Amino acid sequence: MSPVVVAFVLTAVLLPLAVSEFRDWCPRLATGLTRWAARRLGDRQARTRYEEEWVANLNEVPGKLSPLVSAVGYLVAVPRMRWTLRRASEAVTAKPRQLPPPACPLTARGGELAALDGLLAHRRKKSRDAVALTAAINGMAGVGKTTLALHWAQRIKDRFPDGNLYADLHSYSPRPSLAPLEVLGGFLHALGVQAVHVPASLNERVSLYRSLVARRRMLIMLDNAATSDQVRLLLPDSPHSVVLITSRHRLSALDNAHVVDLDTLSVDEAMTLLREVAGGEQVDAEPQAARALVHLCACLPLAIHIAAGQLRRCPHWTISHLVDKLHNEQRPGGLARDLGNVRAAFDLSYQTLPADAQRLFRRLSTLPSPNFEQRQAALLAETTAEETEKILDILANAQLIIARPEDDLYRTHDLLLAYARELLRKEEPSYQPTAPCPSNSET
Amino acid sequence: VERKFRVTDATLDVLEVLLGLDEELYGLKIAKAIGRPTGSVFPILARLEQVGWVISEWETSDPTARGPRRRFYRLSLEGLAGARAVLSERRSTRRLTGQQLLPELLPRPGNAS
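Computed from a predicted structure; not experimentally measured.

Some words on the pairing of strand E7 (residues 401–404) of chain A
All names here are of chain A.
Link 1 in the chain: Alignment of E7 against strand E8 (residues 409–412), held across four bridges, turns out to be antiparallel. When the sheet's bridge partners are listed, Ala-403 is paired in E8 with Tyr-410.
Link 2 in the chain: Remark: four residues form the turn of the hairpin made by E7 and E8, two consecutive strands paired antiparallel; Asp-408 in that turn has positive phi of roughly 55°.

Here we look at the nonpolar core
Link 1 in the chain: Leu-116, Leu-244, Leu-293, Leu-360, Phe-361, Leu-364 and Leu-395 of chain A are the most contacted members of the largest nonpolar core, which totals 85 residues.
Link 2 in the chain: In this structure Leu-395 of chain A touches Leu-353, Ala-357, Leu-360, Phe-361, Leu-364, Leu-400 and Ile-401 of chain A, once residues within four positions along its chain are discounted.
Link 3 in the chain: Trp-54 and Ala-71 of chain A together with Ala-31 and Phe-42 of chain B belong to the second largest nonpolar core, which has 43 residues in total.

Observations regarding the confidence of the model for chain B
Residue and element names in this part refer to chain B.
Link 1 in the chain: Averaged over all residues, the pLDDT of chain B equals 77, while 72% of them reach at least 70.
Link 2 in the chain: When pLDDT is averaged over each element of chain B, helix H2 (residues 27–34) comes out on top at 94 and helix H4 (residues 77–96) at the bottom at 77.
Link 3 in the chain: Residue range residues 98–113 is modelled with pLDDT below 50. Its contacts to residues more than four positions away, or to other chains, number 26 contacts.
Link 4 in the chain: Among the prediction metrics, the complex's ipTM stands at 0.79, with pTM recorded as 0.58.

A few points about the pattern of salt bridges
Link 1 in the chain: According to the stated counting rule, one finds 24 salt bridges over all chains in the structure shown.
Link 2 in the chain: Residue Arg-74 of chain B pairs with Glu-57 of chain B through a salt bridge whose shortest N-O separation is 3.4 Å. Pair noted here: Arg-74 of chain B is in strand E2 (residues 71–75) and Glu-57 of chain B is in strand E1 (residues 54–58), with a separation of 17 residues, a long-range link.
Link 3 in the chain: Of the residues examined, Arg-74 of chain B reaches a relative accessible area of 28% and is grouped as partly exposed.
Link 4 in the chain: Residues joined in a network through salt bridges with shared partners are Arg-362, Arg-363, Glu-382, Glu-427 and Glu-428 of chain A.

Conventions and cut-offs
- Residues numbered from 1 in each chain as written.
- Chains lettered and ligands numbered in written order.
- Predicted model: local features only at pLDDT ≥ 70, side-chain atom pairs only at ≥ 80, totals over all residues.
- Heavy atoms only, no water.
- Pairing = 2+ DSSP bridges.
- Helix = DSSP H or I, 4+ residues; strand = E, 2+ residues; numbered from the N terminus.
- Core = buried A, V, L, I, M, F, W, Y, C linked by side-chain atoms within 4.5 Å.
- Buried < 20%, exposed > 50% of the residue type's maximum accessible area, 1.4 Å probe, protein only.
- Contact = heavy atoms within 4.5 Å.
- pLDDT = per-residue confidence, 0-100.
- Salt bridge = Lys/Arg side-chain N within 4 Å of Asp/Glu carboxyl O.

This is how it looks when you write it as structure tokens:
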């Protein structure tokens, strides 16, 4: 074969073939190159996001050579993008610690704690899930959902090095419950986002919250949720985070949530609790009366705490004395369903309060949130700060409110608020708060 | 408006498109609208997103569609204020130096695909 023929074959046949082959192959090469470039970016979330986003954009570039040009453009952009994305993850470095310490000691509940621990251990094995592990503690009012959740959260919180978030959605308090917009505002603030950078709209807050949490290992507790809508937007796409929800109902739309049902205590467990909060000696001295007492309290931890508070406040009372009084208080019919037969315990506790404490307790039901400050209470009590503090001490002693000195707040229980509201309607139907009580839930 | 990043001409162009009425802006569309390569638009968008001026969301219009989704960009409230301030500031300096004015911020035929 002469060199001329070889040259002809090369230029006229093989070269066009190669060029056409290359042109066909180009889009695939471009896609591959773009994916490769996106995978050079920042963290896992950024990598998957830009891989999808860039390929979607690339697919719309017409022609066969142009996509390759675009792909090279993406490749060239990678160093700048990496710099920006690294700055983004350094920009917000706050490690929030919002979990309050549990207000009450935990009695029994070993099975439930083990179930929760099991969820956490199981999650480790299949950590490829892209969503946060969600655990929901369900149970009736006063059964100890929040106490259990806070105790468990305290046990495991050190496994979440980026901190923890806590929001009380107070769905069962008199005012409308906390909307995701407000909760997200608080969370973003806690995550270190400056107030001026907290977006105004819900969508923007959700997407900023999700992108911040996605990079982190956090424990997020949503206390007292009522509806799926309240919590759905607060669930991050973060495989390393855990969300803990307490609710009186099963939140049906949370498909992936693991549910832990919390029942009232068994009689023996209730006795253990009574022993812890009222003192072992007194219980041992009157075992029969103590059993009658926990029955009257329906083995409901909240009611037992209140009954024990009553015994503490009246040291000359025996348990039998208290049980007799509770029997007398029990009136058939007309009881609010939520309160059930623990109402007698509430009634007795309330009736033995001094008048100014009774009045303040009733009026607490007009507050926008179950968490309140002393100055809010002073407005309701219509008295000085010192007097208010004395009255609040009395209420705390009766276990009708819980003092949280660590954040200068007081807290009461939704069930007790419902009770207080009823008392207010009956005893002070015309009462209106004299001054608007500023909410402390706003951020 | 506090300036948290260097505002290049390309950044101004991107902000201008984002100020338009088009609600489905994604990287390529923005790049086409301002006549710059996507490779220089994405770093700008990432930067704007990092400082909170821009919000991005996956497209959700067609759940049956397969394949990669586009990601839409829009200004946050802060970004809206910032973009307006930056653009008017730059425009007045351009006017002073006798350069050509940027076109008005209302929808332009070019960016409605």
